[in-house]
Amino acid sequence: MEYAAYGRAIALSSAPIVGLYRFGDEFQIYPAPVGSPTTNHIEATYPFIIEVKYMATDQGKQLEMGFIEPDWINQSRRVDRINHVLLWLTTLTAFQLVFPKQRSSWFRSDSDRHVDPFPLPQWGTEAYILREIGPCIEAFTEPDYAAIQHTEIHEYHSRIGLILGHEFDLPDSITELLKDVISLDAEATETFLSACLLFRQAIDLWQCYSSLSFASAVSALETLIDYNHRELKLERCGTCGQERYRVVKKFLDFCLQYGVGNRKDLYQEYKKAFSKIYSIRSALLHTGKLMHDDLYCPTIGTWDNFEEREQHRTLLRLYRICALNWLRATAAEQRVKRVG
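So, a few notes on the structure that sits alongside this text.

Reading guide: rules and limits
- Residues numbered from 1 in each chain as written.
- Predicted model: local features only at pLDDT ≥ 70, side-chain atom pairs only at ≥ 80, totals over all residues.
- Heavy atoms only, no water.
- Core = buried A, V, L, I, M, F, W, Y, C linked by side-chain atoms within 4.5 Å.
- Buried < 20%, exposed > 50% of the residue type's maximum accessible area, 1.4 Å probe, protein only.
- Contact = heavy atoms within 4.5 Å.
- Helix = DSSP H or I, 4+ residues; strand = E, 2+ residues; numbered from the N terminus.
- Salt bridge = Lys/Arg side-chain N within 4 Å of Asp/Glu carboxyl O.
- Axes fitted to C-alpha atoms, helices over the stretch in contact; angles between N-to-C directions.
- Parallel < 35°, antiparallel > 145°, perpendicular 65-115°, else oblique.
- Nonpolar A, V, L, I, M, F, W, Y, C, P; charged D, E, K, R; others polar.
- Pairing = 2+ DSSP bridges.
- Left-handed = near helix turned anticlockwise from the far one by under 90°.

1. Description of the nonpolar core
- Core analysis: the largest hydrophobic core is formed by 68 residues, its most contacted members being Ile29, Ile50 and Phe251.
- Setting aside anything within four residues of it in sequence, one finds Ile50 in contact with Gly7, Arg8, Ala9, Ala11, Gln28, Ile29, Ile82, Val85 and Leu86.
- Residues Tyr30, Val98, Tyr128 and Ile133 belong to the second largest nonpolar core, which totals 9 residues.

Below is the structure:
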């Protein structure tokens, strides 16, 4: 038997969350308790609390490797639901929201940066844990915070990059967008989650592996593109077997449709920009021509890789715009089909 249950976790945001946002009876986010460890480092992430509703079960499951207890199943469902919400918000907002990564590495405390003699590195595990924040709760809590600021969506997504000191805010249409997300059927839901995950990987990899980041962002778009072409019978060349509807044309058509919309006067201008993005992607994946930042140590004042970085920023913004418009269009189409 399945029943509604509630879970909670500490997550991290690329900007401080100082208010409350609750999406119906699905989830809510709000600040970590006063006094929780934090920092104002320029590349820092900031802790917050996320609470979700998920469907739990009181029955175990028999698999070939053995019997899985209901507690294990429910733990997996709780973590999956939290991760899915964080993925949605990373696409629908201008920020990255993630679980603390459970990985180990050598590290040195920032507080020791100017100590002499130079401190020795230590081995440690990346984590953020608060003893008082347990994973299971009876129902949503009632935190006493003002609502998170909402910003008009066109202004919101016109911002370029993160502004130092800027607090986490939401587009004014966030609730309608989330309603669209939960209205998708199973196939579209999996497609959207896959695109969100690829995009989050693109953000995560940007600073250390820009080539992989760029390829992941394009793949996020291609995930949505593939969904739109899932029912089309592909014509193939009788000689080489390649699709007659070329992959580059699919990419350009999709980006123009969901990234530019009805502004036909802008098509030629943006078509060149989108073609450049796909040519970079093709060079990365098919010729091994990596991006400048991966091959050379960045030099202060150099303009050698300025154009590549601008293409990268354009791609990340393009994904978010296309993903939001794809979500709206797909949800609307499915609502019409259900009514019909």
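Now that the structure has been shown, the text picks up again.
2. Topic: the side chain of Arg281
- By the secondary structure assignment, Arg281 is in helix α7 (residues 267–286).
- Judged by relative accessible area, which is 12%, Arg281 ranks as buried.
- Excluding residues that lie within four positions of it along the chain, Arg281 makes contacts with Phe214, Val218, Glu222 and His286.

3. Section: the pattern of salt bridges
- Enumeration over the complete set of coordinates arrives at 13 salt bridges.
- Of the charged contacts, one joins Glu2 and Arg77 as a salt bridge, the two residues approaching to 3.0 Å between their closest N and O atoms. On the criterion of sequence distance, the pair formed by Glu2 in strand β1 (residues 2–13) and Arg77 in helix α1 (residues 70–92) is long-range, its members being 75 residues apart.
- Note on Glu2: relative accessible area 48%, which makes it partly exposed.
- You can call Arg77 partly exposed: its relative accessible area is 29%.
- Put simply, Lys249 and Asp253 hold a salt bridge, and the shortest N to O gap is 3.0 Å.

4. Side note on the packing of helix α6 (residues 247–259) against helix α9 (residues 306–339)
- Relative to each other, α6 and α9 sit at 75 degrees, their axes nearing to 8 Å. In this view, α6 runs roughly perpendicular relative to α9, as classed from their interaxial angle. Along the contact surface, α6 presents Phe254, Cys255, Tyr258 and Gly259, while α9 presents Leu318, Ile321, Cys322, Asn325, Trp326 and Ala329.
- In terms of residue class, the contact of α6 with α9 is made up of 8 nonpolar, 2 polar and no charged.

5. Notes on the pairing of strand β3 (residues 27–31)
- When you tally the buried positions in β3, you get 5 out of 5 residues, the bulk of the element.
- Where strand β2 (residues 21–23) folds back onto β3 in an antiparallel hairpin, the turn is made up of 3 residues, including Gly24, whose phi is positive at roughly 50 degrees.
- Two strands pair when backbone bridges link them, and β3 and strand β4 (residues 46–57) are joined in this way by 5 bridges, in the antiparallel orientation. Residue pairing in the sheet places Pro31 in a bridge with Phe48 of β4.

6. Looking at the packing of helix α5 (residues 210–228) against α7
- Their axes nearest at 10 Å, the elements α5 and α7 cross at an angle of 120 degrees. When the interaxial angle is binned, α5 and α7 end up oblique. Seen along the crossing, α5 lies across α7 with a hand that is left-handed. From α5, Ser211, Phe214, Ala215, Val218 and Glu222 reach across to α7, where they touch Ile277, Tyr278, Ile280, Arg281, Leu284 and Leu285.
- Looking at the contact of α5 with α7 residue by residue, the classes come out as 8 nonpolar, 1 polar and 2 charged.

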